[in-house]
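# Structural description and commentary
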Amino acid sequence: ELSTLFKAIINTAYYIFPNLTLFDFKARAAYNLEVPLKELLFVFSYGIIYTAILLILTIKIFDKRDIS
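The following paragraphs examine the structure supplied in this document.

The rules behind each value
All residue numbers refer to position in the chain's written sequence, counted from 1. At least 70 in pLDDT is required for a residue's local features to be given in this predicted model, at least 80 for side-chain atom pairs to be given and counted, and no such filter applies to totals for whole chains, interfaces and linings, which use all residues. Only heavy atoms go into the side-chain values, all of them from the structure, while hydrogens and water stay out. Salt bridge, as used here: a side-chain nitrogen of Lys or Arg that lies within 4 Å of a carboxyl oxygen of Asp or Glu. Burial classes: relative accessible area under 20% of the type maximum marks a residue as buried, over 50% as exposed, and values in between as partly exposed (1.4 Å probe, protein chains only). The way it works is that DSSP assigns letters per residue, a run of H or I at least four long becomes a helix, a run of E at least two long becomes a strand, and they are numbered from the N terminus. Only centres within 6.5 Å qualify two rings of Phe, Tyr or Trp (six-membered ring in Trp) as a pair; their planes then separate them into stacked at under 30 degrees, edge-to-face at over 60, and tilted for everything else.

Using the criterion set out here, one finds two salt bridges in the structure. Residue D24 pairs with K26 through a salt bridge whose shortest N-O separation is 4.0 Å. Classification of K26 by relative accessible area gives exposed; the value is 61%. We note a salt bridge from E39 to R28, for which the minimum N-O separation is 2.9 Å. Placement of E39 in helix α3 (residues 37–63) and of R28 in helix α2 (residues 26–30) is noted, with a sequence separation of eleven residues between them.

To continue, consider the packing of aromatic side chains. Counted under the stated rule, the structure contains four aromatic pairs. Seen from their ring centres, F23 and Y46 are 6.3 Å apart, and the 50 degrees between their planes marks the pair as tilted. Of this pair, F23 sits in the loop between α1 (2–16) and α2 while Y46 sits in helix α3, placing them 23 residues apart in sequence. For F23, a relative accessible area of 38% translates into the label partly exposed. Considering the side-chain rings of Y46 and Y50, the 6.3 Å spacing of their centres and the 20 degrees angle between planes classify their relative orientation as stacked. Highlighted residues: Y46 and Y50, both in helix α3, separated by four residues, approximately one helical turn. Among the aromatic residues, ring-to-ring pairing joins F23, F42, Y46 and Y50 into one connected group.

Here is the structure:
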């Protein structure tokens, strides 16, 4: 069924692409609201882990290619 395939594609995309809205603190800054330390640590960890995964995948892909 098409809707099942569509849901699977959307689900896969959800886990592959980063959730950049986590890094948006504009509204809190505009209203001078505090951001809990736990939330800041989570967002920082999310960014570091996502970047590390991308770097590892990139290294593995380009390690197999002859670039010269």
